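Coordinate analysis (summary)
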Amino acid sequence: MTNAGSGGERVEADATRVALHLPGGGARGAYQVGAMRAIGELNPSPERCPFPIFTGTSAGAINASVLASHADRFSHGVERLSTFWSEMRCHHVYRTDWLSVLRSVGHWLGAVLFGRLGVRAPAALLDTAPLDRLLSRETHLARVAEHIDAGRLESLAVSASGYATGRAVTFFQSRDDAPWRRGRRRGRSDAISVSHLMASTALPLLFPPARIGHEYYGDGSLRQTAPLSPAIHLGADRILIVTARDARHDPEPAAESRTPSAGEIAGHLLDIVFMDNLDADLERLHRINQTLALIPEPHRRQSTLRPIETLVIRPSRDLRELVSEHVSLMPASVKTLLAGVGAWRSDHRLASYLLFEATYCRALMDLGYQDAMREAENIRQLLFH
């Protein structure tokens, strides 16, 4: 590789393109930062960014954007993310004061009781104005264009879900600004901003949607049925995925189970939104790879399909167990709100997405580091071979 100055290295046009894909998960996004710490230690050139392509959704979009904005000094980007999550508190992400929470609850009750009189329901349970201020202060997204121009970075992509059009939209900043369309999915060239991050992180019903242009957007996982497609569209032939869901299935109930509460159902819905589409897309990708391996090379060249190598880092522990050790740190106002929807005295599935508290985040980071180090040889083969 040729030197591009400022501590970075230019990405060769014919080099293997490795993408880092970071899916959503709310507070679980801290797990991804621990994995990045491990990759930073495994990197034979710690300042060099091993990923020319970054794609992310929800909390993963924040992590991907911070790392992309430090493409000239990958280790510094990891350090910034580690500090960001290690000092996290719930009130940095959404308002937790009693007045704000009670106002939200009262607004919902008013809409139920007086909706026929024109009282509209609020867009979300929680107010994420603190997150907007935090991202505006802590992110340096203008650097993304600088790194792309200098050749240190190829692409950054952030996905969101349009409420008016019902489409999954991937906003991407890249050397190649050609858009794409696939069914209800599209790629749109745009300079990534805090507004894109707020849209991608807008958990349905919990966080308010964000407006980009003429449309309001919610969490990118809502309609992203093929979460790996942005990385592939942007030219990746290897993808490292760091997901915050373990691969184990819940056991069959030993006795008749009770009717789930609204809060428990909401927790399951977030699991579906953040995790199920990724698992399905990985299965589809593996089937395509197997099919391509059976096709003779001359015929394979006639297809637009190409084999994609993937490596997935997953939690070795059920995160519901981990959150149960730290859930007492949740602000009292939010505990009351979760109890009101039946999500408190349960498996804390919903709380695991909302517990933006430093102790929990640091525990997630430690787990992500350990799990990535268990995959050290595979990571070296994928990124540094």
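Analysis parameters
Residues numbered from 1 in each chain as written. Predicted model: local features only at pLDDT ≥ 70, side-chain atom pairs only at ≥ 80, totals over all residues. Heavy atoms only, no water. Helix = DSSP H or I, 4+ residues; strand = E, 2+ residues; numbered from the N terminus. Rg over C-alpha atoms; globule rule 2.2 N^0.38 Å. Contact = heavy atoms within 4.5 Å. Lys, Arg positive; Asp, Glu negative; His and termini not counted. Charge placed at Lys NZ, Arg CZ, Asp CG, Glu CD. Salt bridge = Lys/Arg side-chain N within 4 Å of Asp/Glu carboxyl O. Buried < 20%, exposed > 50% of the residue type's maximum accessible area, 1.4 Å probe, protein only. Axes fitted to C-alpha atoms, helices over the stretch in contact; angles between N-to-C directions. Parallel < 35°, antiparallel > 145°, perpendicular 65-115°, else oblique. Patch = residues over 30% accessible without salt bridge, like charges linked within 9 Å, V, L, I, M, F, W, Y side chains within 5 Å. Areas by Shrake-Rupley, 256 points an atom, 1.4 Å probe, with all protein chains shown as cover. Phe/Tyr/Trp six-rings, centres within 6.5 Å; stacked < 30°, edge-to-face > 60°. Lys NZ or Arg CZ within 6 Å of the ring centre and 35° of its normal. Pairing = 2+ DSSP bridges. Polar contact = N/O pair within 3.5 Å; in protein donor to acceptor, adjacent residues only side chain to side chain.

Of the regular secondary structure elements, the protein chain holds 16 helices and 12 strands. Taken over the C-alpha trace, the protein chain has a radius of gyration of 21 Å; the compact-globule value for 385 residues is 21 Å, and the two agree within 12%. For the C-alpha atoms alone, the extent of the protein chain along its principal axes is close to 65 × 50 × 40 Å. Put simply, 77% of the contacts in the protein chain that link residues at least 6 apart link residues at least 24 apart. Each charge sign in the protein chain was given a centre, from 44 positive and 42 negative side chains, and these centres are 5 Å apart.

This next bit is on the pattern of salt bridges. A full pass over the atoms with the stated rule returns 16 salt bridges. Glu138 is the partner of Arg80 in a salt bridge, and the nearest nitrogen-oxygen pair spans 3.5 Å. Placement of Arg80 in helix α3 (residues 74–86) and of Glu138 in helix α6 (residues 129–138) is noted, with a sequence separation of 58 residues between them. On the accessibility criterion, Arg80 (22% relative accessible area) is partly exposed. Between Arg380 and Glu377 there is a salt bridge, with its nearest N and O atoms 3.8 Å apart. Placement of both Arg380 and Glu377 in helix α16 (residues 376–384) is noted, with a separation of 3 residues, approximately one turn of the helix. Counted as one network, the salt bridges with shared partners bring together Arg17, Glu154 and Arg175.

This brings us to the packing of helix α2 (residues 59–68) against α3. The angle between the axes and the distance between the axes are what describe a pair of packed helices. Contact geometry of α2 with α3 gives a least axis separation of 8 Å together with a crossing angle of 140°. On the basis of the axis angle, α2 is oblique to α3. Contacts between α2 and α3 involve Ala59, Ile62, Asn63, Val66 and Leu67 from the first element and Phe74, Gly77, Val78, Arg80, Leu81, Phe84 and Trp85 from the second.

Here the focus is a nonpolar patch on the surface. Together, Val112, Leu113, Phe114 and Leu117 line one region of the surface with nonpolar side chains, adding up to about 490 Å² of accessible area. Relative to the assigned elements, Leu117 resides in the loop between α5 (98–114) and α6. What makes Leu117 exposed here is its relative accessible area of 71%.

Now for unusual backbone geometry. Most peptide bonds take the trans configuration, and most residues that are not glycine carry a negative phi. For Ser58, which is not a glycine, the phi torsion comes out positive at approximately 60°. With respect to the helices, strands and loops of the structure, Ser58 is situated in the loop between β4 (53–57) and α2. The phi dihedral of Leu205 is positive, around 70°, even though this residue is not glycine. Relative to the helices and strands, Leu205 resides in the loop between α8 (194–200) and β9 (210–212).

Now for the packing of aromatic side chains. Following the criterion strictly, the structure yields 8 aromatic pairs and no others. A ring pair is formed by Trp85 and Phe356, whose centres lie 6.4 Å apart and whose planes are at 20°; its orientation type is stacked. With Trp85 in helix α3 and Phe356 in the loop between α14 (351–354) and α15 (358–374), this residue pair connects regions lying 271 residues apart in the sequence. Each of the two residues, Trp85 as well as Phe356, counts as buried. When the ring centre of Tyr353 is taken as reference, the NZ or CZ atom of Arg28 above it lies at 4.3 Å.

It is a general feature of regular strands that their side chains alternate between the two faces of the sheet. Burial analysis of strand β6 (residues 168–174) places 7 of its 7 residues in the buried class, the great majority of the element. Burial along β6 is two-sided: the residues Ala168, Thr170, Phe172 and Ser174 and Val169, Phe171 and Gln173 are all buried. Bridging between strand β5 (residues 155–162) and β6 involves 7 bridges; their strand directions are antiparallel. Along β6, the bridge assignment pairs Val158 with Phe171. The antiparallel pairing of β5 with β6 creates a hairpin that spans 5 residues between the two strands, and Gly166 there sits at a positive phi of about 70°. Of the strand pairs in this sheet, β6 and strand β8 (residues 185–189) are connected by 5 bridges, and their pairing is parallel. Following the sheet pairing, Thr170 is matched in β8 by Gly187.

What follows covers the pairing of β5. Taken across its 8 residues, β5 has 8 buried, putting it largely inside the fold. Both faces of β5 are covered, namely the face carrying Ser155, Ala157, Ser159 and Ser161 and the face carrying Leu156, Val158, Ala160 and Gly162. Two elements, β4 and β5, share 5 bridges in a ladder whose sense is parallel. Looking at the pairing, Thr57 lines up with Ser159 of β5. In the sheet, β5 pairs with strand β10 (residues 215–219) via 3 bridges, with the strands oriented antiparallel. Across the sheet, Ala160 pairs through a bridge with Asp219, a residue of β10.

What follows deals with the side chain of Glu357. Here Glu357 lies in the loop between α14 and α15. Judged by relative accessible area, Glu357 falls into the buried class, the value being 6%. Within the local environment of Glu357, its side chain forms a polar contact with the backbone nitrogen of Cys90, the two atoms lying 3.1 Å apart. If near-sequence neighbours (up to four positions away) are discounted, Glu357 is found in contact with Met88, Arg89, Cys90, Leu329 and Pro331.

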